[in-house]
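Residue-level listing of the chains:
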Amino acid sequence: MDEVSRKSANPAKARRVLLLQGGGALGAYQAGAYQALDEHDFAPQWIAGISIGAINAAIIAGNPPELRVQRLREFWEMAAQPAPWQPLMQTHLPMFSETSAALIATLGVPGFFTPRFPPAQLFPSGTPDSLSYYDIEPLRTTLERLVDFGRINNNADATRLSIGAVNIATGNFCYFDNTKQPLGPEHIMAATALPPGFPAVKIGDDFYWDGGVACSTPLDYVLEDVSQKDLLIFQVDLFSSQGRLPETLLEAAEREKDIRHSSRTRLNTDKAKQLHNARKALGDLLARLPEEQRNDPALAPLHEAARENAITVVNLIYRKRDYEALSKDYDFSRANMLEHWKAGEQDVHLSMRHGEWLRPAQSDDTMVTWDLTAEAFR
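Position numbers for residues start from 1 in each chain and track the written sequence from start to end. The model is predicted, so local features are restricted to residues of pLDDT at least 70 and side-chain atom pairs to those at 80 or more, both for listing and for counting; the totals for chains, interfaces and linings are taken over all residues. Remark: hydrogens and water are excluded; side-chain values derive from all non-hydrogen atoms of the structure.

- As recorded in an unreviewed UniProt entry, the protein goes by NTE family protein and comes from Rhodopseudomonas faecalis.

## Comments concerning the overall build of the protein
- A helix here means a DSSP run of H or I that spans at least four residues, while a strand means a run of E at least two residues long, and both kinds are numbered starting from the N terminus. Each helix and strand in the protein was counted, giving 14 helices and 11 strands.
- Expressed as a percentage of its 378 residues, the buried residues of the protein come to 49%.
- Excluding contacts between residues fewer than 6 apart, the proportion of contacts in the protein whose partners are at least 24 apart in sequence is 75%.
- The Shrake-Rupley method, run with a 1.4 Å probe sphere, supplies the accessible areas, and residue values consider only the shown protein chains as cover. Per element, the accessible surface of the protein, about 17,600 Å² overall, is 55% carbon and sulfur. Each residue is placed in one exposure class: buried if its accessible area under a 1.4 Å probe, protein chains only, is under 20% of its type's maximum, exposed if it is over 50%, and partly exposed if it falls in between. The contact definition used throughout considers only heavy atoms, calling two residues in contact when any of these lie within 4.5 Å.

## Points about the UniProt feature "active site" (unreviewed entry) in the protein
- Sequence positions flagged by UniProt for "active site" (unreviewed entry) are, in local numbering, Ser 51 and Asp 210. Spanning 160 residues, the annotated positions come together in the fold, the maximum distance between their C-alpha atoms being 5.8 Å. Considering only the annotated residues already named, the ones lining the largest pocket are Ser 51 and Asp 210.
- Examined against the element boundaries, Ser 51 turns out to sit in the loop between strand S2 (46–50) and helix H3 (52–61).
- When its relative accessible area of 13% is taken as the criterion, Ser 51 is described as buried.
- Leaving out residues up to four positions away in the same chain, Ser 51 has contacts with Gly 22, Ala 191, Thr 192 and Asp 210.
- Relative to the helices and strands, Asp 210 resides in strand S8 (residues 206–210). UniProt positions are given in the numbering used here, feature names are shortened, and annotations may be inferred rather than shown by experiment. Note on definitions: the grid is 1 Å and covers protein atoms alone; a cavity is a set of points where a 1.4 Å probe fits but cannot get out; a pocket is an open set with protein on both sides within 12 Å along at least five of seven lines; lining residues have an atom within 4 Å of a point.

## Focus on the packing of H3 against helix H4 (residues 68–79)
- Where H3 contacts H4, the axes come no closer than 8 Å and their chain directions differ by 140°. Relative to H4, H3 is oriented oblique. As H3 runs across H4, the sense of the crossing is right-handed. Contact with H3, carried on its side by Ile 52, Ile 55, Asn 56, Ile 59 and Ile 60, involves Arg 68, Arg 71, Leu 72, Phe 75 and Trp 76 of H4 and no other residues of that element.
- The nonpolar class holds Ala, Val, Leu, Ile, Met, Phe, Trp, Tyr, Cys and Pro. Asp, Glu, Lys and Arg form the charged class, and all remaining residues, Gly among them, are polar. Grouping the constituent residues of the contact of H3 with H4 by class yields 7 nonpolar, 1 polar and 2 charged. Throughout, an axis means a line fitted to C-alpha atoms (over the contacting stretch in the case of helices), and angles, computed between N-to-C directions, take values from 0 to 180 degrees. Note on angle classes: values under 35 degrees are labelled roughly parallel, values over 145 roughly antiparallel, values of 65 to 115 roughly perpendicular, and the remainder oblique. The sense of a crossing depends on the near helix, which, turned anticlockwise from the far helix by less than a right angle, makes the crossing left-handed and, turned clockwise, makes it right-handed.

## Some points on the nonpolar core
- By nonpolar core we mean a set of buried residues, namely Ala, Val, Leu, Ile, Met, Phe, Trp, Tyr and Cys, connected to one another through side-chain atoms within 4.5 Å. By size, the foremost hydrophobic cluster in this structure holds 70 residues, and its most contacted members are Leu 18, Phe 75, Trp 76, Phe 112, Leu 161, Phe 176 and Phe 234.
- Residue contributions to this core peak at 8 residues, all from H3.
- When sequence neighbours within four positions are dropped, the list of residues in contact with Leu 18 reads Tyr 34, Leu 37, Pro 44, Trp 46, Ile 47, Ala 48, Ile 60, Phe 234 and Val 236.
- Membership of the second largest hydrophobic core comes to 16 residues, among which are Val 17, Trp 46, Leu 219 and Val 313.

## Looking at the pairing of S8
- Strand pairing is assigned whenever DSSP detects at least two bridges linking the two strands. As paired elements, strand S5 (residues 160–167) and S8 share 3 bridges and run antiparallel to each other. The residue of S8 that forms the bridge with Ala 165 is Asp 210.
- As paired elements, strand S7 (residues 201–203) and S8 share 3 bridges and run antiparallel to each other. Following the sheet pairing, Ile 203 is matched in S8 by Asp 206.
- Between S7 and S8, which pair antiparallel one after the other, the connecting turn spans 2 residues, and Gly 204 there sits at a positive phi close to 65°.

Right, dumping it as structure tokens:
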């Protein structure tokens, strides 16, 4: 690694934030990206995650820096156990990828979820076991082993951790945040409880589902924070908005999934950028008023709304492989895990060779976004 690529990914001493969205088996890409970020001295001060991103986020925040990559690897090595059909996977033919995903859907994922027995359909209606195909209690044991929740809840030294879920009764999106409440395995499980595969998780008097039901990225929550510190945000996305025209029904279903997830991310990012830069324009306008008008108490709400900081959002977007299909987010085969991990590493290392994003926002913008992926530099 050359000297340029070793420099800290921390322009203008901004607060470092890592955003991890949902995407099931594609979450290995996030783990590989984190390993490379760690090699580039990017130690996040705040991590926000949804779905599989919540698990990765908890493992990172719940371990000291020197153990984080090791613990991530333990989780993904456990979840992606070698299978007898793996040699066939090396050909990267869609048929074997789909076969692998089907077997995983039938047998479950070690340390994560197991099929219900008897099946959910045989339980009485209205009972918890009748509402999901899988049991996710193995995930609780895994989290208790790999995550130090005492560290997460130690306010003096903790990395801020925010986990997104949806309240089933109200339909409202909510975040469990270690700056506001103690977090435990149940909060991470709630953020991964995607129906109808996984059961709702009860916290207090309420039941919660995977935050991806409402929105797959936690960007809005981070930008709504009242802090005025500059932010450097790495947003690791697992679905790409770009893709070719489908030729089969399966490809059409896959393309719909990509667009559905990526469009939410792009919409939230674009709206946040417009709003943030509008604040700067409002501040400039207020500054031009005569002093007696500028200090009018009636304008206090406008002055508060005009407060802004400099934000850089670096998007790392996973680009699917040709052999992947609709099952890519639940194909936990070892071959796929290794490829996703490697892709995350490579994209970060490539991004670090292009230092444009290290520059602070220009005079007309207080929020800038970058798409730093392999295709961005071809």
